[in-house]
Amino acid sequence: MTVESVKPGASPTAGPRVPPVAGGGVPLLGHGWKLVRDPLAFMTRLRDHGDVVRLRLGPKTVYAVTTPALTGALALSPDYIIAGPLWESLEDLLGKEGVATANGPLHRRQRRTIQPAFRLDAIPGYGPIMEEEAHALTERWASGQIVDCTSESFRVAVRVAARCLLRSRLMDERAERLCAALSTVFRGMYRRMVVPLGPLYKLPLPANREFNRALADLHLLVDEIVAERRASGQKPDDLLTALLEAKDDNGDPIGEQEIHDQVVAILTPGSETIASAIMSLLQVLAAHPEHGDKVCDEVEAVTDGRPVAFQDIHRLSHTYNVVVETMRLHPSVWILTRRAVTDTELGGYRIPAGTDIIYSPYAIQRDPKSYERHLEFDPDRWRPERSKDIPKYAMRPFSVGNRKCPGDHFSMAMLTLITATLAARYRFERVAGSDDAVRIGITLHPNRLLLRSITR
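Described in the following lines is the structure provided in the data block.

1. Observations concerning the packing of aromatic side chains
Item 1. Evaluated as defined, the whole model comprises 6 aromatic pairs.
Item 2. Residues Trp 141 and Tyr 426 carry aromatic rings whose centres are separated by 5.9 Å and whose planes lie at 40° to one another, so their mutual orientation is tilted. Taken together, the residues Trp 141 in the loop between helix 6 (127-140) and strand 4 (146-148) and Tyr 426 in strand 9 (residues 426-430) connect sequence positions 285 residues apart. For the pair Trp 141 and Tyr 426, one class covers both residues: buried.
Item 3. Members of the aromatic cluster, connected to one another through ring pairs, are Phe 118, Tyr 126 and Phe 410.
Item 4. The aromatic ring of Tyr 349 is capped on one face by Arg 17, whose charged end is 4.3 Å from the ring centroid.

Rendered as structure tokens:
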């Protein structure tokens, strides 16, 4: 099967072309060196070299896709599966039996198991927990206090995910363990993806030892959660119960490793990406106080002075647009990979079977061909009368097709509610000592964001 509908420029008689090679590679490391030094700028500039270009990452040659239409085709075509440098690096964390990394029949069965927890009609059931955690976040702060937004964002993301999906009220100490381990593991996995020098990562170097300790603690934490649930004998209506009672294709209970990998695949990436989005939202509220004021005014108009609630989310249109525009300019997931399973074509270029393909939502979502004033923070671009002009796949933060994130509605509800709660209570100011530089790993977020909260 080929992607016939996205072959711009291909003549009826011409055969598929070989993609051009991007310039700037260096011996041994290839383009991996540029991906390490300035990955966002490197991925953004690739669009100047073509719709599809070839890169060398260490000894491997991979292809990069740079247009919205081709990334949509890549995500929707059965010619490509979840694989490649990103997913290989993630298997150390997520395992090979979790929904994030599985393919084929196993992935379809796993999606059926977890999907009920994320149905649109199931999301309101999580509303009281989201409300409680969002308001608890604001109650912990005081006017004039300097807030460590990095740790606070991770804490609320972990607590909401754990309490909603695993019905486990994690103590702060355990949440802190998870946050610290995630930060170390995701940073180390990014290095392993862009510079795949496998044997070197097995040496007893300080960075490798730190990575291995963090990874071990993550898996230990998940084992503790599963063991506690089994010991309790309780069966709340949540994702963990669904996993513990799930059957495989033969009607037998799924294995312990699959249960473990499923919990890891849902708890850890979800917490990491949501936490990164919350940090970016706080950064935006400080950088664009006029939009924080508009969110506050919208919340007051909707609630008439009472605390904002989950039931108000569908009426907070500007707040929602602030979330979407923040995710456009500051996506948590900035790079993704696929692998061709057959000889095929993409955009008129030949894609051999086994080829690894990468693309960057960060670059796609900042493309001036798709967005007027593409670097400007403008939530109003998502009003219906304007958003209709944005190309179809220029903004897909949760992907599309059978690999679409099952928690998209859950995540957007949580982010909208937290943004509304924070902006209604506080204005935010930058303070000296804050490191707003982007920390680049598997996800993006400010390195160490410190803000002063000022009560409205």
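2. Focus on unusual backbone geometry
Peptide bonds are trans in most cases, and residues, glycine excluded, mostly fall at negative phi.
Item 1. Not every positive phi belongs to a glycine, and Asp 304 is a case in point at roughly 55°.
Item 2. Mapped onto the elements, Asp 304 comes out in the loop between helix 12 (289-303) and helix 13 (317-329).
Item 3. Exposure remark for Asp 304: the relative accessible area of 73% places this residue in the exposed category.
Item 4. Residues other than glycine seldom take positive phi values, yet Ser 399 does so here, at roughly 65°.
Item 5. Tracing the backbone through its elements, the reader meets Ser 399 in the loop between helix 15 (384-387) and helix 16 (408-425).

3. Brief notes about the sheet that holds strand 9
Item 1. Here we have 3 strands laid out as an open sheet, ordered 4-12-9, and antiparallel in their pairing. Among the strands making up the open sheet, the edge pair consists of strand 4 and strand 9. Averaged over all pairs of adjacent strands, the angle between strand axes in this sheet comes to 40°, irrespective of strand direction.
Item 2. Pairing analysis gives 5 bridges linking strand 9 to strand 12 (residues 450-455), with the strands arranged antiparallel. Along strand 12, the bridge assignment pairs Phe 428 with Ser 453.
Item 3. Sitting on the sheet, helix 7 (residues 149-165) is in contact with strand 4 and strand 12, with an inclination near 55° to strand 4.
Item 4. Relative to strand 9, helix 11 (residues 256-287) is tilted by about 85°, and along the sheet it contacts strand 9 and strand 12.

Analysis parameters
- Residues numbered from 1 in each chain as written.
- Predicted model: local features only at pLDDT ≥ 70, side-chain atom pairs only at ≥ 80, totals over all residues.
- Heavy atoms only, no water.
- Phe/Tyr/Trp six-rings, centres within 6.5 Å; stacked < 30°, edge-to-face > 60°.
- Helix = DSSP H or I, 4+ residues; strand = E, 2+ residues; numbered from the N terminus.
- Buried < 20%, exposed > 50% of the residue type's maximum accessible area, 1.4 Å probe, protein only.
- Lys NZ or Arg CZ within 6 Å of the ring centre and 35° of its normal.
- Pairing = 2+ DSSP bridges.
- Axes fitted to C-alpha atoms, helices over the stretch in contact; angles between N-to-C directions.
- Contact = heavy atoms within 4.5 Å.

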